[in-house]
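Chain by chain, the residues:
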Amino acid sequence: MSVDKDTVRRIAKLARLAVPESRLEPMASELNGIFQWVEMLGEVNVEGVPAMTSVVAQKLKWRKDQVTDGNQADALMINAPGGEDHFFVVPKVVE
Amino acid sequence: MSDLISMTLAEARDAIRAKKFSSRELTGAFVSAIEKARPLNAFITEAGEQALTMADAADKRIAAGQIGALEGLPLAIKDLFCTKGVRTTAASKILGNFVPSYESTVTQNLWDAGAVMLGKTNLDEFAMGSSNETSAFGNVINPWRAKNSNVNLVPGGSSGGSSAAVAADLCLAATGTDTGGSIRQPAAVTGRVGLKPTYGRCSRFGVVAFASSLDQAGPMTKTVKDAAIMLKTMASVDAKDSTSVDIEVPDYEKLLEGGIKGLRVGIPKEYRIDGVPAEINALWTKGADWLKAQGAEIVEVSLPHTKYALPTYYIVAPAEASSNLARYDGVKFGYRAEGVRDITDLYEKSRGQGFGAEVQRRILIGTYVLSAGYYDAYYSRAQKLRTLIKRDFEQAFEKCDVLLTPTTPGPAFGVGAKTSDPLEMYLQDVFTVTVNLVGLPGISVPAGLSENGLPLGLQLIGQAFDEATLLRVALAVETAADFKHSPAKWWSV
C-alpha cells in the first residue's frame, strides 16, 4: 500500500500537526520508503500468536483509590504559555 | 587538574572518602573542563553554580560523617530527565523553556545518594535519533576523530551529549535512556560503557516519554565497575511508575567478583549481517575467544526472527510516540504558536512549529499505523512479532546464560553523512533494538579500535533482572580488551 500526498494531509490532520503544503510530497515519499521496508513483516506467519502486552511478566500494581497528591495549582501554572491566575487561556472556542 | 577529571567514578569515590580532595575541588575541575569543551556542544544547560553549591553541601556531609553511595561525585544528566527548577528540554523547541516543578525518580535517587549535578546533556530531539543530529540545540561533536583527520564525527544517539561528556572527561559518569539503543550505541562509538537495564528496573517517572513500553534509563560510564555502582543507585522500586518491578536491587559492585568459569555465552548466528564490515565480525570473534580463555563455554544459538526486529520497532516506537507526544498542544506547558485562528489552529501550529522534522516523521508514522483500517496490518502484527522475538530469546537462554554480539554496524560516522535517508540512520540500531522489544538488559563494552582508529564496542545481552551476571561477563570482556584509549583533547588547546 502506498502513501500519497492526500494521505499525509489526512494523517497530519489526525495528528494535529501543521505540515506545510510543500512538505506533503517529500514526506509521502519518505514514509513510502519506510512502509515498503516494513512490508517484510507480512511474510511472517502470525496465526495464533498472541500480541505482546507486557515485556515483563508481572501483574499491574494496585493501590488504594485515594488522593496521594494535590493542591499544586501554582506549580502547574509555572510553564503555561498563556496562563492567568489558575486558568489556562486558549482562543475562543464558543461563538 | 586533568588527573582529577580523568578518574573513574570508583577511584573518585574512594579518594573523596579518603579525604584526598574535596567535592568542591573535583566539581570545580569538571566545571572548568565543561566550559573549555563548549565546541563539543555536549550540554544544553550547564549548571556550574548549582553544582558547586551541591558540592559544598556534600563536603559538609562528608565532614559530618554522613557519606552516601555517590557522595560528592559530579554527574551529567541527559536532558530527558526532569530536574526540579532546572530547564528540561528533551532537545526540543516545544519544551525549550520548560522548567519542571518536580524531579524524576532516577535523578532524585542520585541526589539522595549525595551526587552532584553538573548540567543537562544534549540528545536527539525526544531521544529520536542515532547520531544526535536531530537536537533543536545543535549537533554534538564526538570527542574522537579518525586517524590523521579533522573531520567532525557524531557521538551516536540519542544519548550523544552524555556519551561525549563521559568520553571527554566532562563528568565522572552520566545518565542516559535507551529506547532502541540510545545508551549502548553512543557508548560504543565513544569508547565507553553503556548499560540498558531490564525494563522495569529503573523508574520511568519524570523521564520525558518517547515509547513507554521500550524506554529505560541506565548509566553511561568509563568502566564496568562504575556502571555497577551507578545502577545500584539509579534503580529502585517506585510507586510512581506502575511498570517499576518489585524486585530488590542487589549490590552489583559486590557481585562483580567471581569470574565467568563455566558460564555459557551464546553467539546468535543471525547477527552476522550482510554489509557489516569485516572488522566488526573479527572483533566479535575475538570477544568470544576472550571469554573462552577465561573459562566460559561458547555456544552457537539461533534467534530466527532477528531481521524482523528493526521494522517491528519502527512500528511500535512511533505508535507509542504519537500517543505520548499528543500532550504537547501549546496549552498547559511548552511552546505556543502566535497568531492562531482557533483552538485547532493553535494545536496544529504549535506542534508544527515546535517539533523538528524527525519527530514529525515519527508522529505521522505512528498516527498512520494506529489509524482505522491499518491497525491490524501494522500495529497488531508488530506486537505479535514481539511475542515471536521474545520466544526466540527464551529458547536461546535454554542453551546459554548471556549473549555476545557487536553493538553497532560500524564506528562513528561523519556529521551529516547519514541524514538524507532516514532508513540508513535507522539501521544503526540493528544490533540494539531487539532487547528493547523484549525488555532484556544489554551492555556495551569498549573492545577495540577500528582500522581508522575509532572505538568499537561489543554488546552483551542478559536475562531479565540478571544485570549482575551481565556485568560480570562485561567485566571479563573489559579486562581482556584492556581498552585504555582516550580521545586527544583537541577542543581545549
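Check the entry above for the structure.
Small disclaimer: the values here were computed from a predicted structure and weren't measured.

Draft legend 1. Spatial organisation of the environment of Leu170(B). All names here are of chain B. Assignment of secondary structure puts Leu-170 in the loop between α6 (160-167) and β4 (173-177). Residue classification places Leu-170 among the buried positions, given a relative accessible area of 1%. Here the alpha-carbon distance between Leu-170 and Ser-32, two residues 138 residues apart in the chain, equals 8.9 Å. Setting aside residues no more than four positions away along its own chain, Leu-170 makes contact with Phe-30, Ala-33, Ile-34, Ala-37, Leu-40, Ala-42, Phe-43, Leu-118 and Ala-165.

Draft legend 2. Local environment of the state of the cysteines. All names here are of chain B. According to the stated counting rule, one finds zero disulfides over all chains in the structure shown. No disulfide involves Cys-202; its sulfur sits 16 Å from the nearest other cysteine sulfur, which is in Cys-82. Residue class for Cys-202 comes out buried when judged on its relative accessible area of 1%.

Draft legend 3. Expanded view of the side chain of Ser163(B). All names here are of chain B. Among the secondary structure elements, Ser-163 is positioned in helix α6. Engagement of the side chain of Ser-163 in a polar contact is seen with the backbone oxygen of Gly-160, the distance being 3.1 Å. Every residue in contact with Ser-163, bar those within four places of it in the chain, is listed here: Pro-155, Pro-186, Ala-187, Thr-190 and Met-220.

Draft legend 4. Spatial organisation of the pattern of salt bridges. For the coordinates displayed, the defined rule picks out 26 salt bridges over all chains. The partner of Lys5(A) in a salt bridge is Glu21(A), with the nearest N and O atoms 3.6 Å apart. Of the two residues, Lys5(A) is situated in helix α1 (residues 5-14) and Glu21(A) in helix α2 (residues 21-38); the sequence distance between them amounts to 16 residues. Overall, the relative accessible area of 47% leaves Glu21(A) in the partly exposed class. Note that Arg13(B) is salt-bridged to Asp14(B), the shortest N-O span being 3.2 Å.

Conventions and cut-offs
- Each chain carries its own residue numbering, running from 1 in the written order of its sequence.
- Labels are handed out in written order, letters beginning with A for the chains and numbers beginning with 1 for the ligands.
- Selection of residues for local features in this predicted model requires a pLDDT of at least 70, selection of side-chain atom pairs for listing and counting requires 80 or more, and totals for whole chains, interfaces and linings are taken over all residues.
- The basis for every side-chain value is the complete set of heavy atoms in the structure, and neither hydrogens nor water enter the calculation.
- A helix here means a DSSP run of H or I that spans at least four residues, while a strand means a run of E at least two residues long, and both kinds are numbered starting from the N terminus.
- A simple rule labels every residue: compare its accessible area, found with a 1.4 Å probe on the protein chains alone, to the largest value its type can have, and call it buried under 20%, exposed over 50%, or partly exposed in between.
- When checking whether two residues touch, look at their non-hydrogen atoms; a contact exists if any pair is within 4.5 Å.
- Count a disulfide wherever a pair of cysteine sulfur atoms falls within 2.5 Å.
- The definition of a polar contact used here is a pair of N or O atoms within 3.5 Å, where within protein one atom must be able to donate a hydrogen and the other to accept one, and adjacent residues in sequence count solely through side-chain atom pairs.
- The working definition used for a salt bridge is a side-chain nitrogen of Lys or Arg within 4 Å of a carboxyl oxygen of Asp or Glu.

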